[in-house]
Amino acid sequence: MATGNILVDKIMKKYGVPDWVKPYVYAYIRSNPLNAVRRGISFIDVKRKRGRITGNVIELPNSVQFEVSDVTRIVSLFYAGEEESSRIAESWSKDLHDYDSKRYAEHFAALSEIEQKHLRAIKNMLEGLGKKSGSETAEVRALFEKLGSITDWKERIISYDLVLKSSYGSIFGNIFYKVFYPVMPEYMRSFGKAFSSEDTEAGWGYEEAKRIIRDKEIDAHRLVQLFNDLLPLVGSVVNANMDIAEKAGINKEVSLLRDIAIAYPVYISKECGADIDAEKETAAILETLKRRNKPAKE
C-alpha cells in the first residue's frame, strides 16, 4: 500500500491535485488495491484513443460502456442544473439592491445569459445524439429550491459561485466534458466553446466568494450552515443516479468524485482562512448524505 501511495502522490503532483484530496484517493485505492490507480488514470489519460458510439452504446477509450439512454440522463441533469441556475441568477439580478450589492446584481445578470448559452450548447449535443433532455428530478428540484431561497447577496455569491459550481457543476459539467470528449468530439466542440466563454465573469464570482471568506464577511458558523444545506442535496442528485455507474462498473470511481466534489468548497474555505475543521465538517456532511440514502426499514 505504501508503494501505491507513493505512486499516487507522484500522479497527483503531475496533475496538480491538492494534498487534501489524498485521503479520499487512498480510501478509493484500498477498495481495489490492484487496479484502482490504473483504472482511475484510464479516464483522463486517453492518449490517442477515441472510444466509439455503436448503436445504443457509448464506449469510452478505456472500454467502459454506457447506454446512450443513461448518458442522456446524465446530460439531462446538467441541463436541468443550468436551466435552474439561469432562472435563479436572473431572479436575483432583478432584486432590489443598494450601491454595495450593485456589482452582485450585475454579476448574476451576466451569469444568467451565460447559462443560456450553456443550455443551447447542451441542447445541440443532445440533438446530435438524437435525444431530448429528460424532465427535472425531485432531487434536482430540492437542491435549487434551497439555493433560490437564499436572500443575502454575499451568501448568494458563496453558494452559487463556490459551492454550486465546484460541486454540482464539476460533476455534471466539467468531468462529463473531459470524460466524453474523446468519444464525441464532433458534438462536444461547441459545448467546450460555450463553457470556455464564461471565464471572466465566473472567475470574478469565484474570487469574490474567496475574498468574502478571507475578509470574514460571513462568519464560520453561517458558512457551515450553507454547506450543510446545499452539499448533501448535491450528493443526493449523484446517489439518485448511481445505478448508471453500477451498470458501467464505475460506482467506486463516481463515489470518489462525489466525495471530492462535496469536500472541495469546504477545504477551499479553510484555505481562505475560515475558522472551520474542514475534515470534520466534510465527514459530517458525507454522514448526513449516507443517512439520507439509507433505505427505510421494512
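Before reading on, note that the structure itself is shown above.
Rules behind the numbers
- Residues numbered from 1 in each chain as written.
- Predicted model: local features only at pLDDT ≥ 70, side-chain atom pairs only at ≥ 80, totals over all residues.
- Heavy atoms only, no water.
- Helix = DSSP H or I, 4+ residues; strand = E, 2+ residues; numbered from the N terminus.
- Buried < 20%, exposed > 50% of the residue type's maximum accessible area, 1.4 Å probe, protein only.
- Contact = heavy atoms within 4.5 Å.
- Areas by Shrake-Rupley, 256 points an atom, 1.4 Å probe, with all protein chains shown as cover.
- Axes fitted to C-alpha atoms, helices over the stretch in contact; angles between N-to-C directions.
- Parallel < 35°, antiparallel > 145°, perpendicular 65-115°, else oblique.
- Left-handed = near helix turned anticlockwise from the far one by under 90°.
- Nonpolar A, V, L, I, M, F, W, Y, C, P; charged D, E, K, R; others polar.
- Phe/Tyr/Trp six-rings, centres within 6.5 Å; stacked < 30°, edge-to-face > 60°.
- Salt bridge = Lys/Arg side-chain N within 4 Å of Asp/Glu carboxyl O.
- Pairing = 2+ DSSP bridges.
- Expected span 1.5 Å × (residues − 1).
- Arc of directions from axis to C-beta.

Student: Tell me about the overall build of the chain, and name the residues and values.
Tutor: Across its full length, the chain holds 13 helices and three strands. A burial count over the chain gives 49% of its 298 residues as buried. Put simply, of all contacts in the chain between residues at least 6 apart along the chain, 75% involve residues at least 24 apart. As presented, the chain carries roughly 15,400 Å² of accessible surface, and 51% of it is formed by carbon and sulfur atoms.

Student: So what about the packing of helix α4 (residues 68-93) against helix α5 (residues 102-128)? Which residues, and what values?
Tutor: Contact geometry of α4 with α5 gives a least axis separation of 8 Å together with a crossing angle of 155°. Between α4 and α5, the angle is such that the two are roughly antiparallel. The way α4 lies across α5 gives a crossing that is left-handed. A breakdown of the residues in the contact of α4 with α5 according to their chemical character gives 13 nonpolar, seven polar and five charged.

Student: Pulling in residues and values, what's your account of the packing of aromatic side chains?
Tutor: Using the criterion set out here, one finds nine aromatic pairs in the structure. Where tryptophan 92 meets phenylalanine 108, the ring centres are 5.0 Å apart and the plane angle is 75°; that geometry is what we call edge-to-face. Of this pair, tryptophan 92 sits in helix α4 while phenylalanine 108 sits in helix α5, placing them 16 residues apart in sequence. The burial state of tryptophan 92 is the same as that of phenylalanine 108; both residues are buried. Seen in terms of ring centroids, tyrosine 104 and tryptophan 204 are 6.1 Å apart; in terms of plane orientation they differ by 50°. Their pairing is tilted. Of this pair, tyrosine 104 sits in helix α5 while tryptophan 204 sits in helix α9 (residues 199-214), and the two are 100 residues apart along the sequence. For tyrosine 104, a relative accessible area of 5% gives the class buried. Judged by its relative accessible area of 26%, tryptophan 204 is partly exposed.

Student: So, the pattern of salt bridges: which residues are in play, and what are the values?
Tutor: Scanning all chains against the criterion turns up 18 salt bridges. Residue lysine 247 is joined to aspartate 70 by a salt bridge in which the shortest nitrogen-to-oxygen separation is 2.8 Å. You can see lysine 247 sitting in helix α11 (residues 242-248) and its partner aspartate 70 sitting in helix α4, a full 177 residues away along the chain. Shared partners join several salt bridges into a network, and the residues in it are Lys154, Glu208, Arg211, Asp215 and Glu217.

Student: Give a description of the sheet that holds strand β2 (residues 57-59) that names residues and reports values.
Tutor: Read across the sheet, three strands follow the order β1-β2-β3 without closing on themselves; strand pairing throughout is antiparallel. In this open sheet, the two edge strands, each paired with only one partner strand, are β1 (52-54) and β3 (65-67). On average, each strand axis in the sheet is inclined to that of its neighbour by 20°, with strand direction left out of account. The pairing of β1 with β2 spans three bridges and is classified as antiparallel. Across the sheet, isoleucine 53 pairs through a bridge with isoleucine 58, a residue of β2. Against the sheet, α4 contacts β2 and β3, and its axis sits at roughly 80° relative to β3.

Student: Any chance you could break down unusual backbone geometry for me, citing the residues and the numbers?
Tutor: Positive phi is not limited to glycine here, since lysine 216 has a value of about 60°. Considering the arrangement of structural elements, one finds lysine 216 in the loop between α9 and α10 (220-240).

Student: Pulling in residues and values, what's your account of the packing of α4 against helix α6 (residues 138-148)?
Tutor: Axes are the key here: two packed helices are described by the angle between their axes and the distance separating the axes. Two numbers describe how α4 lies on α6: the axes approach to 10 Å, and their chain directions differ by 20°. As the angle between them shows, α4 and α6 are arranged roughly parallel. In terms of crossing hand, the pair formed by α4 and α6 is right-handed. Listed contacts from α6 to Leu77, Ala80, Gly81, Glu84, Ser85, Ile88 and Trp92 of α4 are Val140, Phe144, Leu147 and Gly148.

Student: Account for the environment of phenylalanine 108, with residues named and values stated.
Tutor: Take phenylalanine 108: its relative accessible area is 0%, and that puts it in the buried class. In this structure, the C-alpha to C-alpha distance between phenylalanine 108 and serine 93, residues 15 residues apart in sequence, is 5.3 Å. Setting aside chain neighbours within four positions, we find phenylalanine 108 in contact with Ala89, Glu90, Trp92, Ser93, Trp153, Arg156, Ile157, Tyr160 and Asp161.

Student: Lay out α4 with the relevant residues and their values.
Tutor: Taking 1.5 Å of rise per residue, 26 residues should cover 38 Å, and α4 covers 37 Å from first to last C-alpha, within 8% of that figure. Most of α4 is tucked away: 20 of the 26 residues are buried.

Student: Can you explain α6? Please cite residues and give values.
Tutor: Listed as buried for α6 are Val140, Leu143, Phe144 and Leu147. Within α6, the buried residues cover an arc of 85° as seen down the axis, which keeps them to one side.

Student: Which residues make up the side chain of arginine 156, and what values do they have?
Tutor: Within the fold, arginine 156 resides in helix α7 (residues 153-180). Leaving out residues up to four positions away in the same chain, arginine 156 has contacts with Trp92, Asp95, Phe108, Ile150, Thr151 and Asp161.

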